[in-house]
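Geometric and topological summary
Chain residues, written in single-letter form:
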Amino acid sequence: MQENLVQKIVEEVLQQVLKKQPSSQYDGKIPIGVSARHVHLAQAEVEKLFGENYQITPKFELSQPGQFAAEETVVIAGPKGSIERVRILGPARSLSQVEVSWTDAMKLGMKPPLRISGDIKGSSPVTLIGPNGSVVLNEGLIIAQAHIHMSPADSARFQVADGQSVQIKVEGIRPIILSNVMIRVSDRYRLEMHIDTDEANAGLIQQGALAEIIYVQANEQMDVKEIPPVFKQAERPSSYQFDKKLLSQVEVLEIEAREIIVPKNTIVTALAYDKIRELNKTLTIRSE
Ligand SMILES: [Zn+2]
């Protein structure tokens with residue numbers, strides 16, 4: 001009795017502490033969730049696979065609020081093979097979608113495209129087999145693009161916007177860097193990076209490891225103004241067309257670009273050559 005009460009108080013205090021702790025508890029890093037192969041089903045497919053009016057049963061909650069792993073599993077099949085007991089994730093969606101790793105895809109005999117979840121137009125076909133029947137999806141099989149779920153507050157903290165891509169690094173005994181990791185911002189999201197089992201295995205990553213954003217990639221379709229000033233310097237041009245008759249070390253110091261392109265008749269001073277070497281720049285003579 002007494003012990004129960006103590007436990008209850010401890011739990012309540014812990015909960016208060018956890019509530020107050022912002023996601024900065026990770027010290028600027030992002031917890032990693034490894035997604036194993038799984039299926040999202042539309043209600044129509046649920047009924048074809050499990051029976052009329054069937055509702056999938058939540059087994060346990062996932063880290064993203066409202067999402068759950070279901071009790072039910074299906075067999076997924078392709079031209080070369082099949083994989084049993086593939087977990088269904090709920091709740092039901094408007095379109096059915098199957099997310100596998102490249103290793104799984106080879107087993108099935110398919111080459112699905114790398115896509116962000118939900119973008120399945122023109123993706124690969126796949127067959128689903130349940131206890132009540134099977135369904136052939138003409139599209140819906142994808143390799144999921146690595147992504148980071150975050151709240152608007154986290155997006156401000158990391159200075160990234162929804163739809164932007166970043167490069168992340170995971171330290172460890174086999175450190176890896178992943179590029180094109182897409183930022184997904186919603187107030188329904190909790191900070192977490194989702195990668196598939198192939199990516200996790202590449203870096204010997206286990207559930208709960210932390211990732212660090214090391215670079216924000218400039219998206220072509222995105223307005224430059226949206227990119228935080230901190231990252232603007234990464235966009236400096238890679239080459240500079242020099243058009244004067246004399247290139248001295250003063251100009252070399254002023255040119256930000258790595259490559260300096262000069263016309264054939266430009267005189268380059270000895271000190272300019274030294275500075276170019278010292279700053280690890282390259283000099284290209286333009287042949288007109
Ligand atoms: Zn996700």
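Rules behind the numbers
- Residues numbered from 1 in each chain as written.
- Predicted model: local features only at pLDDT ≥ 70, side-chain atom pairs only at ≥ 80, totals over all residues.
- Heavy atoms only, no water.
- Pairing = 2+ DSSP bridges.
- Helix = DSSP H or I, 4+ residues; strand = E, 2+ residues; numbered from the N terminus.
- Axes fitted to C-alpha atoms, helices over the stretch in contact; angles between N-to-C directions.
- Donors = N, O, S within 2.8 Å, 3.2 Å for Na, K, Ca; no water.
- Buried < 20%, exposed > 50% of the residue type's maximum accessible area, 1.4 Å probe, protein only.
- Polar contact = N/O pair within 3.5 Å; in protein donor to acceptor, adjacent residues only side chain to side chain.
- Contact = heavy atoms within 4.5 Å.
- Arc of directions from axis to C-beta.

**Some words on the sheet that holds strand β11 (residues 165–170)**
- The six strands lie next to each other as β1-β13-β10-β12-β11-β14, forming a closed barrel whose pairing is mixed. Strand-to-strand twist of the sheet, defined as the mean angle between neighbouring strand axes without regard to direction, takes the value 45°.
- Pairing of strand β10 (residues 147–150) with strand β12 (residues 176–185) involves four bridges; the strand directions are parallel. If you follow His 149 over to β12, its bridge partner there is Arg 184.

**Describing the sheet that holds strand β19 (residues 282–286)**
- Ordered in space as β15-β17-β19, the three strands form an open sheet in which the pairing is parallel. Among the strands making up the open sheet, the edge pair consists of β15 (239–241) and β19. Strand after strand, the sheet turns through a mean of 25° between neighbouring axes, direction not considered.

**Re the coordination of the zinc ion**
- Bound to the zinc ion are the protein donor atoms His 147 (NE2), His 149 (NE2) and His 194 (ND1), situated 2.0 to 2.1 Å from the metal.
- For the zinc ion, the donor residues sit on a single chain with the sequence spacing H-x1-H-x44-H.
- Given the relative accessible area of 10%, His 147 is considered buried.

**A short note on the side chain of Ser 96**
- Looking at the element boundaries, Ser 96 is found in the loop between β5 (82–93) and β6 (97–100).
- In this structure the side chain of Ser 96 is engaged in a polar contact, spanning 2.9 Å, whose partner is the backbone nitrogen of Ala 42.
- Here Glu 45 takes part through its side chain, which lies 2.6 Å from a polar atom of the side chain of Ser 96.
- In this structure, Ser 96 is in contact with His 40, Leu 41, Ala 42, Glu 45, Ile 120, Leu 137 and Gly 140, ignoring residues within four places of it in sequence.

**Notes on helix α7 (residues 270–278)**
- When we look at burial in α7, the residues that qualify are Ala 272, Lys 275 and Ile 276. Projected down its long axis, α7 shows its buried positions confined to an angular sector of 100°, all on one face. Exposed side chains of α7 directed beyond 90 degrees from the buried face belong to Ala 270, Arg 277 and Glu 278.
- In this fold, the buried residues of α7 make contact with β16 (246–247), α6 (249–254), β18 (267–268) and β19.
- The positive-phi residue at the C-terminal boundary of α7 is Asn 280, with phi of around 60°.

**Looking at unusual backbone geometry**
- Of note, the bond from Gly 90 into Pro 91 is cis; its omega dihedral lies within 30 degrees of zero at 0°.
- On the secondary structure map, Pro 91 appears in strand β5.
- The phi angle at Arg 85 is positive, at roughly 50°, despite the residue not being glycine.
- The topology assignment puts Arg 85 in strand β5.
- Of the residues examined, Arg 85 reaches a relative accessible area of 65% and is grouped as exposed.
- Non-glycine residue Asn 180 carries a positive phi angle of around 55°.
- You can see Asn 180 is positioned in strand β12.

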